[in-house]
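Examination of the molecular architecture
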Amino acid sequence: MSDENEDTMLKPPCEFGRFIVERELGHGGMGGVYLARDKMLDRQVALKVMLKSLGAAARLIHPSIAQIYSYDIVDGQPYIAMEMAGGGSLYRLMEVHGKSIDPTRVMRVCKQVAEGLSCAADQGLVHGDIKPENILVSEKGEFKLGDFGIAKVSEKTATGTMTGTMGYMAPEVANR
């Protein structure tokens, strides 16, 4: 299932718990994301296999947050199964359209991301890694905040630990 250097990487096609992993969608420092089929619910999901558990984010239910369907550990490997956002990411949208994105659409992205962040904050969670790659686009064109892989319960954020992606990090966090 995994090699010594990348303990979050699966080798599709394969089975992982109740999921049939079809292909990799992407990966980063916190884990890999895969297109998978949930055998129990018979639906496609985005399966994030990661280094640490994400139980707190599963309670977030908001139209601007990619819904987490389940989280668990299989063979010692934590994972989350989440809503499949078939429209890619804001990063991909920016690659394709560049500076020609309609300003009204940009404002809609900002509004929807802010609403998702507000919902998370109301539940005591701080996302910790807001960047275009973590803003997903649904097939209907709605924007959803994803990847709560390094989310912290807000009372634990002052530990002095730096998390996030350097190019998108707030200066006060990077200077810690």
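Before reading further, recall that the structure is shown in the block above.
What comes next concerns the included structure. (Residues numbered from 1 in each chain as written. Predicted model: local features only at pLDDT ≥ 70, side-chain atom pairs only at ≥ 80, totals over all residues. Heavy atoms only, no water.)

Notes on the side chain of Gln-112
Spelled out, the test is: Counting from the N terminus, the helices are DSSP H or I runs at least four residues long and the strands are E runs at least two residues long. Relative accessibility thresholds used throughout: buried, under 20% of the residue-type maximum; exposed, over 50%; partly exposed, between the two (1.4 Å probe, protein chains only).
If you trace the backbone, Gln-112 turns up in helix H2 (residues 103-122). Residue Gln-112 is classed as buried on the basis of its relative accessible area, which comes to 9%.

Comments concerning the pattern of salt bridges
To be explicit about the condition: Criterion for a salt bridge: a side-chain nitrogen of Lys or Arg within 4 Å of a carboxyl oxygen of Asp or Glu.
A complete count under the given rule lists seven salt bridges for this structure. Between Asp-38 and Arg-18 there is a salt bridge; the shortest N-O distance is 2.6 Å. Placement of Asp-38 in strand S3 (residues 31-38) and of Arg-18 in the loop between strand S1 (14-16) and strand S2 (19-28) is noted, with a sequence separation of 20 residues between them. By relative accessible area, which is 1% here, Asp-38 ends up buried. Judged by its relative accessible area of 25%, Arg-18 is partly exposed. A salt bridge links Asp-42 to Arg-37, with the shortest nitrogen-to-oxygen separation between them at 3.4 Å. Arg-37 sits in the partly exposed class, given a relative accessible area of 28%.

Thoughts on the environment of Ile-80
Counting through the fold element by element, Ile-80 comes out in strand S6 (residues 77-82). Residue classification places Ile-80 among the buried residues on the basis of a relative accessible area of 2%. On a C-alpha basis, the gap between Ile-80 and Ala-46 in space is 8.2 Å, while along the polypeptide they are 34 residues apart.

Description of the packing of aromatic side chains
In plain terms, the rule: To pair, rings of Phe, Tyr and Trp, with the six-membered ring standing in for Trp, must have centres within 6.5 Å; the planes then decide the type, stacked if under 30 degrees apart, edge-to-face if over 60, and tilted in the middle.
Evaluation of the coordinates by the stated rule reveals two aromatic pairs. Judged by centre distance (5.5 Å) and plane angle (85 degrees), the ring pair of Phe-16 and Tyr-79 falls under edge-to-face. Of this pair, Phe-16 sits in strand S1 while Tyr-79 sits in strand S6; the two residues are 63 residues apart in sequence, bridging distant segments of the chain. Here Phe-19 and Tyr-79 contribute two aromatic rings whose centre-to-centre distance is 5.2 Å and whose plane-to-plane angle is 75 degrees, an arrangement assigned as edge-to-face. Residue Phe-19 is found in strand S2, and its partner Tyr-79 is found in strand S6; the two are separated by 60 residues along the sequence. Judged by its relative accessible area of 4%, Tyr-79 is buried.

Just distances and angles here, no functional claims.
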